[in-house]
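# A look at the structure
Each chain is listed here by its residues.
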Amino acid sequence: QVQLVESGGGLVQPGGSLRLSCAASGSISSVNFMGWYRQAPGKERELVATITSGTLTHYLNSVQGRFTISRDDAKNTLYLQMNSLQPDDTAVYYCRFRTIQMTDYWGQGTQVTVSS
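Summarised in this report is the structure supplied together with it.

What counts, and where the lines are drawn
Residues numbered from 1 in each chain as written. Predicted model: local features only at pLDDT ≥ 70, side-chain atom pairs only at ≥ 80, totals over all residues. Heavy atoms only, no water. Pairing = 2+ DSSP bridges. Helix = DSSP H or I, 4+ residues; strand = E, 2+ residues; numbered from the N terminus. Contact = heavy atoms within 4.5 Å. Buried < 20%, exposed > 50% of the residue type's maximum accessible area, 1.4 Å probe, protein only. Core = buried A, V, L, I, M, F, W, Y, C linked by side-chain atoms within 4.5 Å. Polar contact = N/O pair within 3.5 Å; in protein donor to acceptor, adjacent residues only side chain to side chain. Salt bridge = Lys/Arg side-chain N within 4 Å of Asp/Glu carboxyl O.

## Points about the pairing of strand β3 (residues 18–26)
- Relative to β3, strand β1 (residues 2–7) is paired through six bridges, and the arrangement is antiparallel. Residue Leu4 lies in a different strand from β3, and its bridge partner there is Ala24.
- Taken together, the six bridges between β3 and strand β8 (residues 77–82) define a ladder with antiparallel strand orientation. Considered in β8, the bridge of Arg19 is made with Gln81.

Below is the structure:
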């Protein structure tokens, strides 16, 4: 079993920055995919950024160049550095881990609000 706990969300002004963290407990040796998703009110959950076990990354077009996904395997933690935040980035952000057995684990979500 893997448990994911997110932190780092909050209220920030447009143009500001936040760093989200997703700390994993339990055995993650079989995890080969990690990602950040977000869901805004009234909208479907969307994929924001992904990173594979080989550190290959992929980003949603609208966050490319502003967000950076990274991982610290020694700390079993996934990060999302978000810069130049805009009101459209307001959403609940979730982390997701997938194992080689195709089992999915999700965090509880952390609210990010971008507003002046």
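Once you've had a look at it, read on.
## Regarding the environment of Ile69
- Tracing the backbone shows Ile69 in strand β7 (residues 67–72).
- Separated by 49 residues in sequence, Ile69 and Leu20 place their C-alpha atoms 9.5 Å apart.
- Not counting the four nearest positions on each side in its chain, Ile69 is found in contact with Met34, Gly35, Trp36, Ala49, Thr50, Ile51, Thr57, Tyr59, Leu78, Tyr79 and Leu80.

## With respect to the environment of Leu56
- Considering the arrangement of structural elements, one finds Leu56 in the loop between β5 (46–52) and β6 (57–59).
- In this structure Leu56 comes out as exposed when scored by relative accessible area, which is 60%.
- Taking the C-alpha atoms as reference, Leu56 lies 9.8 Å from Phe33; in sequence the two are 23 residues apart.
- Leu56 has contacts with Thr50 and Ile51, leaving out every residue within four places of it along the chain.

## So, the nonpolar core
- Within the largest apolar cluster, 30 residues are counted, with the highest numbers of intra-cluster contacts made by Trp36, Leu78, Leu80, Met82, Tyr93 and Phe97.
- Contributing elements (two or more residues each) for this core: β1, β3, β4 (31–39), β5, β7, β8, β9 (91–99) and β11 (110–114).

## Here we look at the side chain of Arg96
- If you trace the backbone, Arg96 turns up in strand β9.
- A distance of 2.5 Å separates the side chain of Arg96 from the side chain of Tyr37, its partner in a polar contact.
- Contacts of Arg96, omitting those with residues within four sequence positions, involve Leu4, Phe33, Met34, Gly35, Tyr37, Asp104, Tyr105 and Trp106.

## Looking at the pattern of salt bridges
- Applying the stated criterion across every chain yields a total of six salt bridges.
- For Arg71, the salt bridge identified is with Asp73, shortest N-O distance 2.9 Å.
- The exposure class assigned to Asp73 is partly exposed, which follows from its relative accessible area of 45%.

Geometry only, nothing functional implied.
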